[in-house]
Amino acid sequence: MIKVITYGTFDLLHFGHVRLLERARALGDYLIVGVTAEDFDKSRGKINVQQSLMERVDAVRATGLADEIVIEEYEGQKIDDIRRYEVDIFAIGSDWKGKFDYLNEYCRVVYLDRTAGISSTELRSQDQSFRLGLVGSSSYINKVERECQLVNGLHLSGVCTEKPEILSESLRSLPLMTSRYEELLEASDAVYLRTHPELHAEQAEKALLAGKHVLCESPAALSVEECRRLYRLAEEKGLVFMEALKTAYATAYSRLLLLAKNGKIGKVTSVDATCTSILEMDPKDPEGLSRKWDSMSEWGPTALLPIFQILGPDYCDMRIASRFADREHKFDTFTRIFFEYPDAVASIKVGNQVKSEGEMIISGTKGYILVPAPWWKTDYFEIRYENPAENKRYFYQLDGEGIRYELVAFARAMSTKHTLYGIEPEVSCAIAGVMEAFRAQKNLRILQDGGTASLF
Ligand code: C2G
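Cut-offs used in this document
Residues numbered from 1 in each chain as written. Predicted model: local features only at pLDDT ≥ 70, side-chain atom pairs only at ≥ 80, totals over all residues. Heavy atoms only, no water. Helix = DSSP H or I, 4+ residues; strand = E, 2+ residues; numbered from the N terminus. Buried < 20%, exposed > 50% of the residue type's maximum accessible area, 1.4 Å probe, protein only. Pairing = 2+ DSSP bridges. Axes fitted to C-alpha atoms, helices over the stretch in contact; angles between N-to-C directions. Contact = heavy atoms within 4.5 Å. Expected span 1.5 Å × (residues − 1). Arc of directions from axis to C-beta. Polar contact = N/O pair within 3.5 Å; in protein donor to acceptor, adjacent residues only side chain to side chain. Salt bridge = Lys/Arg side-chain N within 4 Å of Asp/Glu carboxyl O.

> Can you walk me through unusual backbone geometry in this structure?
If a residue is not glycine, its phi is most likely negative; likewise, a peptide bond is most likely trans. In the segment running from S218 into P219, the intervening peptide bond is cis, with an omega of -10°. One can find P219 in the loop between strand 10 (213–217) and helix 10 (224–237). Residue A373 is joined to P374 through a cis peptide bond whose omega torsion reads -10°. Residue position: P374 is located in the loop between strand 17 (367–371) and strand 18 (380–385). For E86, which is not glycine, the phi torsion reads 50° and is therefore positive. Along the chain, E86 turns up in the loop between helix 4 (77–84) and strand 4 (89–93). Its identity as a non-glycine residue notwithstanding, N443 has a phi of 50°, on the positive side. Residue class for N443 comes out partly exposed when judged on its relative accessible area of 32%.

Written out as structure tokens, the structure reads:
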């Protein structure tokens, strides 16, 4: 029996793909098709793939041409597959001519003529492209601009900022640079908001009312009602409103979420996440404080994300303890929150003037998931059991700190009108709910310097 193998992304499966598969099959008696996983595509720079891995696998299966389908997940897998499946012929389109000659050592390599006049790229480009405006006065928007360049379907329309001096050369050269938000809205189909959290809800609402999609940095809103209103408004207008929290889109993070939810560590009993950094603050500049993000705004949403995504938004009790930098108790420099669920517990520790180990531990009845610091931008985690021989390590690619995947998800959501790519609205609203309770000092104990005075 002659075994043939071929690989491809097979995005938006078309006539060219089918012809390739037919001819590959005709070279032997058994055809194995390797479909490239999303992560592998991302690491090759092919991040504009429109369909999920499952959709692409289903489309290949539906052709009835593949006897077996495998997923291509890593560099060097082709050699492993050829050996494992005892493959006789490796076939690929002529656009790869010469690139796979090194496989001749393991089997015969055949380049098949590419079908002219059709490609996934062309099919994708028939899709809409969106003009994205960036809003904010933090140098973070420079990173967002860089990552945008790598995402198909997004074009930068301009930037709205009060601090033009923080902008990179390429941001400065965009068609529009303004301090007037309305002006940017007019020139855009969508906006990315990286402004002070106090401004998020108002700016998001303005954009949605003007018919523009919104990608809003966390916390997207500071009360549950505000958050619900924004999602409702987006739905009424047929627009996308998405919370931007880059951790949510990182591959390692989404894989560990799946593993935790699918019983890999038994029943999840505790989720504990810590995120800290040391913020430079000038005590002589009280004005400066109001421009900065307090600990809860800076880190709260990130630390809360795994709790609500794993245990859900319905906790029965929450207790907060914070240290504040100011007499009015508005700017926390450290906060710890305990949550109680009917069948589990959770905690977060966040700080921008306290330093701790930024790890996350998800404990279950069979084992636990350990994500080492800094867990919020991780490419690696471990599952550990009572018997260390069963421990497993997981490694993934993380490009562009996750910002790139966040933008891809936003572009996809806009073009498909599906919002299943972002953070679930109920998770966003739960985060907004904690921000609201914290700001109202509900169930909050104030840690005082040099003492432990209490306040409820
Ligand atoms: N193809 C073709 N004619 C077209 C378009 C594509 O013959 N008009 C072939 C390609 O040459 C490839 C296969 O169909 O052999 C799958 O194409 P893609 O989905 O574009 O996958 P590609 O990025 O080429 O992946 O490491 C090699 C890759 O896995 C191949």
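On we go from here.
> In this structure, what is going on with the sheet that holds strand 15 (residues 345–351)? I would like to understand it.
The strands making up a sheet associate through hydrogen bonds between their backbones, and the pairing can be parallel or antiparallel. Taken in spatial order, the nine strands of this open sheet run 19-18-17-16-12-15-14-13-20, and their pairing is mixed. In this open sheet, the two strands that pair with only one neighbour each are strand 19 (392–395) and strand 20 (444–447). Here the average twist between neighbouring strands, direction ignored, is 10°. Here strand 17 pairs with strand 18 via four bridges, running antiparallel. Directly across from I369, in strand 18, lies its bridge partner I383. On top of the sheet, helix 13 (residues 295–311) reaches strand 12 (268–276), strand 14 (332–340), strand 15 and strand 16 (360–364); it is set at about 160° to strand 15, its chief contact.

> What's the story with the sheet that holds strand 1 (residues 3–8) in this structure? I'm lost.
Strands sit in the order 3-2-1-4-5 across an open sheet of five strands; the sheet is parallel. At either margin of the open sheet sits one strand with a lone partner, and together these are strand 3 (68–72) and strand 5 (108–112). For this sheet the average axis-to-axis angle between neighbouring strands, irrespective of direction, equals 25°. For strand 2 (residues 30–36) and strand 3, the ladder comprises five bridges, and the chain directions are parallel. Note on strand 3: the bridge partner recorded for V35 is I71. Packing of helix 4 onto the sheet brings it into contact with strand 1, strand 3 and strand 4, and relative to strand 1 it is tilted by some 160°.

> Would you take a moment to explain helix 1 (residues 15–26) for this structure?
Every α-helix carries 3.6 residues per turn, so stepping three or four residues along brings you back to the same face. Its twelve residues place the ends of helix 1 17 Å apart at the C-alpha level, agreeing with the 16 Å of an ideal helix rising 1.5 Å per residue. G16, H17, L20, L21 and A24 are the residues of helix 1 that are buried. Along the axis of helix 1, the buried positions cluster into a sector of 135°, meaning they face one direction only. Of the exposed residues in helix 1, the ones pointing more than 90 degrees away from its buried face are F15 and A26.

> Help me understand the environment of Q77, please; the structure alone is not making it clear to me.
With respect to the helices and strands, the residue Q77 is situated in helix 4. Taking the C-alpha atoms as reference points, Q77 and S139, separated by 62 residues in sequence, lie 39 Å from one another. The residues contacting Q77, other than those within four sequence positions of it, are Y7, I71 and E72.

> Could you clarify how one ought to interpret the side chain of S157 in this entry?
Among the structural elements, S157 can be located in strand 7 (residues 154–160). The class for S157 is buried, based on a relative accessible area of 8%. A distance of 2.7 Å separates a polar atom in the side chain of S157 from a polar atom in the side chain of S188. Excluding residues that lie within four positions of it along the chain, S157 makes contacts with R131, L132, G133, P175, L176, L184, A187 and S188.

> Please clarify how the pattern of salt bridges should be interpreted in this entry.
When the charged atoms of two side chains with opposite charge come close together, those side chains can pair. Scanning all chains against the criterion turns up 19 salt bridges. Close ionic contact of K78 with E72 constitutes a salt bridge, the shortest N to O distance being 2.7 Å. Across the pair, E72 and K78 agree in class, each one buried. Its salt-bridge partner being E401, residue K246 comes within 3.9 Å of it at the nearest N-O pair. Taken together, the residues K246 in the loop between strand 11 (241–244) and helix 11 (251–261) and E401 in the loop between strand 19 and helix 14 (403–416) connect sequence positions 155 residues apart.

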